[in-house]
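This is what each chain is made of:
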Amino acid sequence: AVQVMYFENIVRYCRTIAARPQLISSVLAAFLDTRGMRNSHPTVRARAYYLFLRFVKTLRQNLSPFLDSILQSVQDLLAICRPQETATRKQPASAVPLPVPSG
């Protein structure tokens, strides 16, 4: 809960951080490491994702020097894995096959 409150305060006072650009790198590090998006607790992770979105939206003009490092840090988090479909997958009893149009 302490980690979530930290990120909520960061987002609440984004304008102060924008006025002190030397703080941005340490805040980004907190969002992108095990304190935030890589936290072992799913609720903390989910809240960190949302608050990071708000942080980025607010400070988008100030984040351009950090863009490469941000993208490298979140690259593995953005990977979309398609689940394997099995051939033995059964249709529900209510599923009715649709007719194939002839033509």
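Placed above this text is the structure.
All of the points below concern the structure found in this document.

**Quick word on the environment of P21**
Here is step 1: When you line up the elements, P21 lands in the loop between α2 (14–19) and α3 (24–32).
Here is step 2: In this structure the C-alpha to C-alpha distance between P21 and N62, which are 41 residues apart in sequence, comes to 7.6 Å.

**Some thoughts on the nonpolar core**
Here is step 1: Counting residues in each nonpolar core, the largest one holds 20 residues, and the members touching the most others are I17, L28, F31, F52 and F55.
Here is step 2: For this core, the secondary structure elements donating two or more residues are α1 (2–12), α2, α3, α4 (42–59) and α5 (67–74).
Here is step 3: No other element matches the 6 residues that α3 contributes to this core.
Here is step 4: In this structure I17 touches I10, L23, I24, V27, F55 and L59, once residues within four positions along its chain are discounted.

**Side note on the side chain of N39**
Here is step 1: Residue placement: N39 occurs in the loop between α3 and α4.
Here is step 2: Looking at N39, its side chain comes within polar contact range of the main-chain nitrogen of H41, at 2.8 Å.
Here is step 3: If near-sequence neighbours (up to four positions away) are discounted, N39 is found in contact with Q3, D33, T34, V44 and R45.

Basis of the calculations
- Residues numbered from 1 in each chain as written.
- Predicted model: local features only at pLDDT ≥ 70, side-chain atom pairs only at ≥ 80, totals over all residues.
- Heavy atoms only, no water.
- Helix = DSSP H or I, 4+ residues; strand = E, 2+ residues; numbered from the N terminus.
- Core = buried A, V, L, I, M, F, W, Y, C linked by side-chain atoms within 4.5 Å.
- Buried < 20%, exposed > 50% of the residue type's maximum accessible area, 1.4 Å probe, protein only.
- Contact = heavy atoms within 4.5 Å.
- Polar contact = N/O pair within 3.5 Å; in protein donor to acceptor, adjacent residues only side chain to side chain.

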